[in-house]
Amino acid sequence: MVLTRSWLETVISQTLETVNLARERKLFLMEAVWSRCSPLYQTLRDEIASGTVGEVVSVEACFGYDARDAPRITQKELGGGATLDIGIYCIQFANWVFGETPQKVTSSGHLNKQGVDMSAGIILLYSNNRIAHLYYSTVVPMKSHGIVYGKEGTIKVECLQCPTDMWIGEKHIEIPNPPSAESFNFCGSAGLAYEAEHVRQCLTQGLLESPLVPLSESINLAKTMEEALEKLGVTY
């Protein structure tokens with residue numbers, strides 16, 4: 001059983017190699033996109049499917065914090081960069097809402113002296129004229145959120161990487177993280193318990209991949225990030 005961090009590998013070729021090895025050896029493998037295990041993510045998808053906000057045509061996502069002094073972000077040899085660290089949360093959110101992979105990727109941003117991206121903006125085009133605008137930064141703190149725009153209303157998710165609060169217009173939905181007596185270094189870390197429980201259920205059922213983060217989705221996320229990074233001028 002392998003639960004990796006939330007980017008499986010730095011380049012698509014490595015992602016494919018890892019996925020193929022897991023499939024060949026019949027090992028459970030899951031990319032730790034822990035956001036997908038939050039109950040609020042399923043509530044979001046249920047609300048969209050029920051037509052609460054009508055046809056969804058646009059998604060907005062934003063995430064940022066100051067990591068200018070963190071070597072794992074600033075150094076290329078450590079797999080640094082904003083896209084791999086937090087951009088993945090914005091991209092996976094858009095994919096989750098639209099239920100598919102983007103057809104076109106456009107990106108722009110700025111790099112540090114080591115040649116890794118520190119902040120970027122991405123536009124993703126999906127089928128049926130749907131679009132996602134994503135912005136993330138490891139230079140300045142930004143309020144993390146995701147907004148779903150439908151023809152009949154909007155849904156706002158606070159803290160898109162580990163959400164506990166969602167607004168549908170003026171209606172507030174709250175699903176708190178599990179209680180814990182432990183202290184954490186990062187906000188929302190108690191929500192990792194949802195991921196741990198999801199993995200336990202997968203293993204109990206004899207699954208080799210997660211239905212929330214299937215290996216096909218990890219491959220698609222890697223392809224999208226690599227395309228965005230290429231357009232930013234970042235290579236690993």
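That block above? That's the structure.
Just so we're clear, the structure is a prediction, and the values are computed from it rather than from any experiment.

Go over the overall build of the chain with me, naming the residues and quoting the values.
A count of helices and strands for the chain gives six helices and 10 strands. The C-alpha atoms of the chain give a radius of gyration of 17 Å, which matches the 18 Å a tight globule of 236 residues would have. With the principal axes as the frame, the chain shows a C-alpha extent of 45 × 40 × 40 Å. Per-residue burial over the chain gives 52% buried out of 236 residues. In the chain, 19 positive and 27 negative side-chain charges are present, and the distance between their average locations comes to 3 Å.

Residues and numbers for helix H4 (residues 82-98), please.
Taking 1.5 Å as the rise per residue, H4 with 17 residues should run 24 Å; its terminal C-alpha atoms sit 23 Å apart, in good agreement. At Ile88, H4 shows its largest kink, close to 45°. Judged by how many residues are buried, H4 sits mostly within the fold: 17 of 17 residues are covered. Gly99, located one to two residues past H4, shows a positive phi value of around 70°.

Report on the pairing of strand S10 (residues 171-174), specifying residues and quantitative values.
On a regular strand, one side chain projects to one face of the sheet and the next to the other, so that they alternate. Bridging between strand S9 (residues 165-168) and S10 involves four bridges; their strand directions are antiparallel. Opposite Asp165, over in S10, you have Glu174 as the bridge partner. Remark: two residues form the turn of the hairpin made by S9 and S10, two consecutive strands paired antiparallel; Gly169 in that turn has positive phi of roughly 65°.

Requested: an account of unusual backbone geometry, with residues and values cited.
Although it is not a glycine, Asn128 sits at a positive phi angle of roughly 60°. A residue is classified by how much of its surface remains accessible, and Asn128, at 62% relative accessible area, is exposed. Look at Cys159: it is not a glycine, yet its phi comes out positive at around 55°. Following the sequence through the fold, Cys159 ends up in the loop between strand S8 (153-158) and S9. Overall, the relative accessible area of 18% leaves Cys159 in the buried class.

Give me the lowdown on the nonpolar core, citing residues and values where you can.
Grouped together as the largest cluster of nonpolar side chains are 53 residues, with contacts concentrated most on Leu44, Phe93, Val97, Leu124, Leu134 and Ile155. It is H4 that provides the largest number of residues to this core, a total of 12 residues. Not counting residues within four places of it along the chain, the set of residues in contact with Val97 comprises Leu44, Ile48, Val56, Val59 and Val148.

About the thresholds
Throughout, a residue's number is its position along its own chain's written sequence, starting from 1. Side-chain atom pairs in this predicted model are given and counted only at pLDDT of 80 or more, local residue features only at pLDDT of at least 70, and totals for whole chains, interfaces and linings cover all residues. Side-chain metrics rest on all non-hydrogen atoms present in the structure, leaving aside hydrogens and water. Secondary structure follows DSSP: runs of H or I at least 4 residues long count as helices, runs of E at least 2 residues long count as strands, and numbering of each begins at the N terminus. Note on method: radius of gyration uses C-alpha positions; expected globular size equals 2.2 Å times residues raised to 0.38. Only protein chains enter the accessibility calculation, which uses a 1.4 Å probe; a residue is then buried when its area is under 20% of its type maximum, exposed when over 50%, and partly exposed in between. Asp and Glu count as negative and Lys and Arg as positive, but His and the ends of the chain are not part of the count. The location of each charge is read from NZ of Lys, CZ of Arg, CG of Asp or CD of Glu. To estimate how far a helix should extend, the number of its residues minus one is multiplied by 1.5 Å. Bend, at a single residue, is the angle you get between axes fitted to the 7 residues ending at that residue and the 7 residues starting at it. Between any two strands, at least two bridges found by DSSP are needed for them to pair. Residues belong to one nonpolar core when they are buried, are Ala, Val, Leu, Ile, Met, Phe, Trp, Tyr or Cys, and are joined through side-chain atoms within 4.5 Å. Should any heavy atoms of two residues lie within 4.5 Å, those residues are counted as being in contact.

Just distances and angles here, no functional claims.
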